[in-house]
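Structural features, examined
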Amino acid sequence: MKKKVLTVDDSRTIRNMLLVTLNNAGFETIQAEDGVEGLEVLEECNPDVIVTDINMPRLDGFGFIEGVRRNDKYRAVPILVLTTESDAEKKNRARQAGATGWIVKPFDPAKLIDAIERVTA
């Protein structure tokens, strides 16, 4: 059975790159444009792993991660942050919110797949 990945990013370009990368690697990909939509689709898709941006309108990545972690059902789902930010303070804040890992954009498709496979093993 294919592993499901929920991607949350407001950039259409990044969403398209993620879709191609993940589908080519054999994952089922569900996409959301921001944290609000991410929390809305979370219930119906029940992902194995989540990949989220930090800087998004309506609800940023920190708020989205906290929203996911508030639900017991998703407390153990790995969350990878994919962002242009590389600031230690933001990494720490994401970790405190419940992020599992951090990948800086522009991402290397092979490294992203490797990270997803590691956290879902």
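- The name recorded for the protein chain in an unreviewed UniProt entry is Chemotaxis response regulator CheY1, from Rhizobium oryzicola.

Quick look at the side chain of Thr 29
- Structurally, the position occupied by Thr 29 is in strand 2 (residues 28-32).
- Given a relative accessible area of 16%, Thr 29 falls into the buried group.
- In this structure the side chain of Thr 29 is engaged in a polar contact, spanning 2.8 Å, whose partner is the side chain of Asn 23.
- When near neighbours in sequence (up to four residues on either side) are disregarded, Thr 29 contacts Val 5, Thr 7, Leu 19, Leu 22 and Asn 23.

Some points on the packing of helix 1 (residues 12-24) against helix 5 (residues 109-120)
- At a closest axis distance of 10 Å, the pairing of helix 1 and helix 5 adopts a crossing angle of 65°. Note on packing geometry: the crossing formed by helix 1 with helix 5 is right-handed. Along the contact surface, helix 1 presents Leu 18, Thr 21 and Leu 22, while helix 5 presents Pro 109, Leu 112, Ile 113 and Ile 116.
- When grouped by side-chain class, the residues that make up the contact of helix 1 with helix 5 number 6 nonpolar, 1 polar and no charged.

Side note on the UniProt feature "modified residue: 4-aspartylphosphate" (unreviewed entry) in the protein chain
- The UniProt record marks Asp 53 with the feature "modified residue: 4-aspartylphosphate" (unreviewed entry), using the residue numbering of this structure.
- Its place among the elements puts Asp 53 in the loop between strand 3 (49-52) and helix 3 (61-69).
- The exposure class assigned to Asp 53 is buried, which follows from its relative accessible area of 5%.
- Not counting the four nearest positions on each side in its chain, Asp 53 is found in contact with Val 8, Asp 9, Asp 10, Gly 61, Leu 82, Thr 83 and Lys 105.

Examining helix 2 (residues 35-45)
- Listed as buried for helix 2 are Gly 35, Gly 38, Val 41, Leu 42 and Cys 45. Each buried residue of helix 2 sits inside an arc of 130° when the element is viewed along its axis, so together they form one side. Those residues of helix 2 that are exposed and angled more than 90 degrees off the buried face are Glu 40 and Glu 44.
- Its buried side turned inward, helix 2 meets strand 1 (4-8), strand 2, strand 3 and helix 3.
- A distance of 3.0 Å separates the backbone nitrogen of Val 36 from a side-chain oxygen at the start of helix 2, and that oxygen is part of Asp 34.

Comments concerning the pairing of strand 3
- Both faces of strand 3 are covered, namely the face carrying Val 49 and Val 51 and the face carrying Ile 50 and Thr 52.
- Strand direction decides the pairing type here: strand 1 and strand 3, joined by 4 bridges, are parallel. Looking at the pairing, Val 5 lines up with Val 49 of strand 3.
- Pairing geometry for strand 3 and strand 4 (residues 79-83), over 3 bridges, is parallel. The partner of Thr 52 across the bridge, within strand 4, is Val 81.
- One crossover worth recording links strand 3 to the parallel strand 4 by way of helix 3, and it is right-handed.

Here is what the cut-offs are and how they apply
- Residues numbered from 1 in each chain as written.
- Predicted model: local features only at pLDDT ≥ 70, side-chain atom pairs only at ≥ 80, totals over all residues.
- Heavy atoms only, no water.
- Helix = DSSP H or I, 4+ residues; strand = E, 2+ residues; numbered from the N terminus.
- Buried < 20%, exposed > 50% of the residue type's maximum accessible area, 1.4 Å probe, protein only.
- Polar contact = N/O pair within 3.5 Å; in protein donor to acceptor, adjacent residues only side chain to side chain.
- Contact = heavy atoms within 4.5 Å.
- Axes fitted to C-alpha atoms, helices over the stretch in contact; angles between N-to-C directions.
- Left-handed = near helix turned anticlockwise from the far one by under 90°.
- Nonpolar A, V, L, I, M, F, W, Y, C, P; charged D, E, K, R; others polar.
- UniProt positions renumbered as here; feature names shortened; annotations may be inferred.
- Arc of directions from axis to C-beta.
- Pairing = 2+ DSSP bridges.
- Right-handed = clockwise from strand over helix to strand, strands pointing away.

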